[in-house]
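Here is how the chains run, residue by residue.
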Amino acid sequence: MWNKNRITELLGIEYPIMQGPFGGGLSTVELTATVSNLGGLGGFGAYTLSPQEIYTVHQEILKKTDKPYNLNLWVNDHDIIDEKQTQKQYERAVETFKPYFDILNTEVPALPPSFESRFENQLQVVFDIKPKVFSFMFGLLNPTIIEDLHKQGTIVFGNATTLDEAIALENLGVDVIVASGFESGGHRPSFLDQSELSTTGTFALIQLIKDKVKIPVAAAGGIANGRGIAGAFTLGAEAVQIGTAFLATEESGALPIHKEFLFSDAAKSTTLSRAYTGRLGRAITTEITRNVLTATDDVLPFPLQTTFMNSLKKSALEQQKNNLVMFWCGQIAPLLKHKKATILMKSLIEEANELLK
């Protein structure tokens, strides 16, 4: 049985189908609980939340499901080096992006205020609320933290974009590796090398990791239906993490126009770029990403670039110049069919059951 393996046994879930834990307000309590209640593993990305907000979200999820869910945080939540370097980056960013602010008749914003890491305070909440599953991205944790999480009964997932990252995570003591292929929408969670040099495809990455790593692997990227699940399992995955297909559902926190674009012809073309946030991520191709491409040397460090671009996004949405707006999107989007999470989840299960008899 495809749905009876090390991951389903470890998590106590019926189906090894995990919803991607979207950050930046895209996760919702409703979506997380829906996936968990249907036998999968819902996910909630909390890297932008304060400790109190994480606690509140956890309590709201518990009101809607008694099943496990995945709480996700970012170990490295900023890329700021120093003020002098940031000022130089700001000057280059102004030169690069001013034409787009001009198109919208919007003033170029001042240099955003610096950013203080929130991760340590956020992590303390994880020890307070004791979630069944905790996942982390963009770095490694201290091994003693992993040990303490295990002692309190929390299962730990680590995200890898390369074989070397997967090996590092196994050595650290995580329970499951999420193999994030470059087909995925959203940020690339690379941490051992530049993201641009860590772009292995999902199906190659699964095989590479399975050949060297003993702990279970979940496949993420380019999966939106039963055929994708069957392919991932055939290559050695014991779970799949699905992002874009769940992001497109009514229950997600994405803007209505974002969801509309995910089901449009625009989703046929996606680009990996740093232009909108300062970190490499995959979104629907825009006029900006076509012209600026990765913009590695012309953007502010994450998350200051996000703040810098917020007024442009706001103006573009107000003026309906959506070709200037970043909409996260994976390469599999042209195959999307379902707009309700319940229908999507049931379809994934039925298709996988048929193909993996």
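As a starting point, this report considers the structure included with it. Here the structure is a predicted model, which means the values were calculated and not measured.

About the criteria used
Residues numbered from 1 in each chain as written. Predicted model: local features only at pLDDT ≥ 70, side-chain atom pairs only at ≥ 80, totals over all residues. Heavy atoms only, no water. Helix = DSSP H or I, 4+ residues; strand = E, 2+ residues; numbered from the N terminus. Rg over C-alpha atoms; globule rule 2.2 N^0.38 Å. Buried < 20%, exposed > 50% of the residue type's maximum accessible area, 1.4 Å probe, protein only. Contact = heavy atoms within 4.5 Å. Areas by Shrake-Rupley, 256 points an atom, 1.4 Å probe, with all protein chains shown as cover. Lys, Arg positive; Asp, Glu negative; His and termini not counted. Charge placed at Lys NZ, Arg CZ, Asp CG, Glu CD. Axes fitted to C-alpha atoms, helices over the stretch in contact; angles between N-to-C directions. Parallel < 35°, antiparallel > 145°, perpendicular 65-115°, else oblique. Left-handed = near helix turned anticlockwise from the far one by under 90°. 1 Å grid on protein atoms, 1.4 Å probe; cavity = no way out; pocket = protein on both sides within 12 Å on 5 of 7 lines; lining within 4 Å. Points joined across faces, edges and corners; volume = space filled by probe spheres on them. Nonpolar A, V, L, I, M, F, W, Y, C, P; charged D, E, K, R; others polar. Core = buried A, V, L, I, M, F, W, Y, C linked by side-chain atoms within 4.5 Å. Phe/Tyr/Trp six-rings, centres within 6.5 Å; stacked < 30°, edge-to-face > 60°. Pairing = 2+ DSSP bridges.

Per the secondary structure count, the chain includes 14 helices and eleven strands. Radius of gyration (C-alpha) of the chain: 20 Å, near the 21 Å computed for a compact globule of 357 residues. Considered along the principal axes of its C-alpha atoms, the chain spans approximately 55 × 45 × 40 Å. Among the 357 residues that make up the chain, the fraction classed as buried is 58%. Residue pairs in contact within the chain that sit at least 24 positions apart in sequence constitute 69% of those at least 6 positions apart. Put simply, the chain shows about 15,200 Å² of open surface, and 49% of that area lies on carbon and sulfur atoms. Measuring between centres, the 32 positive side-chain charges of the chain sit 5 Å from its 39 negative side-chain charges.

Our focus in this paragraph is the packing of helix α2 (residues 29-37) against helix α3 (residues 51-64). Between α2 and α3, the shortest axis-to-axis distance is 9 Å and the interhelical angle comes to 40°. One finds that α2 runs oblique with respect to α3. Taken as a pair, α2 and α3 cross one another with a handedness that is right-handed. Contacts between α2 and α3 involve V29, T32, A33 and N37 from the first element and V57, E60, I61 and K64 from the second.

Moving on to empty space enclosed by the protein. In total, this model carries one cavity of 30 Å³ or more according to the counting rule given. The element contributing the most residues to the lining of the largest cavity is strand β11 (residues 281-284), with three residues. The residue makeup of the lining of the largest cavity, split by class, is five nonpolar, five polar and no charged.

This part is about unusual backbone geometry. With omega at 0°, the peptide bond leading from F302 into P303 counts as cis. By secondary structure assignment, the location of P303 is in the loop between α12 (287-292) and α13 (304-318). Non-glycine residue N105 carries a positive phi angle of around 55°. Within the secondary structure, N105 sits in the loop between α4 (83-103) and α5 (119-129). Positive phi, close to 55°, is recorded for Q320, a residue that is not glycine. Mapped onto the secondary structure, Q320 falls in the loop between α13 and α14 (341-355).

If you look at the biggest cluster of nonpolar residues, it comprises 63 residues, and the most contacted ones within it are I17, F97, I229, F246 and I288. Considering each element in turn, this core owes the most residues, six residues, to α14. Grouped together as the second largest cluster of nonpolar side chains are 36 residues, L123, I145, V174 and A179 included.

It is worth spelling out the packing of aromatic side chains at this point. Going through the model one piece at a time under the given rule, you end up with eleven aromatic pairs. Measuring from centroid to centroid gives 6.4 Å for F97 and F308, while their planes differ by 70°, and the two rings are edge-to-face. Of this pair, F97 sits in helix α4 while F308 is found in helix α13, placing the two residues 211 residues apart along the sequence. The class for F308 is buried, based on a relative accessible area of 0%. For the pair F101 and F308, a centre-to-centre distance of 5.5 Å together with 65° between the ring planes defines the contact as edge-to-face. Of this pair, F101 sits in helix α4 while F308 is found in helix α13, placing the two residues 207 residues apart along the sequence. Taking the relative accessible area as the measure of exposure, F101 reaches 0% and is therefore buried. Linked through ring pairs, Y47, W74, F138 and F302 together constitute an aromatic cluster.

Put simply, the second largest pocket is a space of about 410 Å³. Per-class residue counts for the lining of the second largest pocket are seven nonpolar, eight polar and five charged.

Okay, the sheet that holds strand β7 (residues 186-187) next. With antiparallel pairing, three strands are arranged side by side in an open sheet as β7-β11-β10. Each of the sheet's edge strands pairs with one partner strand only, and the pair in question is β7 and β10 (270-273). With four bridges joining them, β10 and β11 adopt antiparallel strand pairing. Pairing of S273 across the sheet is with G281, part of β11.

On to the environment of G185, then. Inspection of the secondary structure puts G185 in the loop between β6 (176-180) and β7. Separated by 96 residues in the primary sequence, G185 and G281 place their C-alpha atoms 6.9 Å from one another. If near-sequence neighbours (up to four positions away) are discounted, G185 is found in contact with T244, R282, C329 and G330.

A few words now on the sheet that holds strand β2 (residues 42-45). The eight strands lie next to each other as β1-β9-β8-β6-β5-β4-β3-β2, forming an open sheet whose pairing is parallel. The open sheet terminates on both sides in strands that have one partner only, identified here as β1 (17-19) and β2. This sheet shows a mean twist of 25° between the axes of neighbouring strands, independent of strand direction. Relative to strand β9 (residues 239-242), β1 runs parallel, the two sharing three bridges. By the bridge assignment, I17 is partnered in β9 with V240. Along the sheet, α3 makes contact with β2 and β3 (69-74), crossing β3 at roughly 165°.

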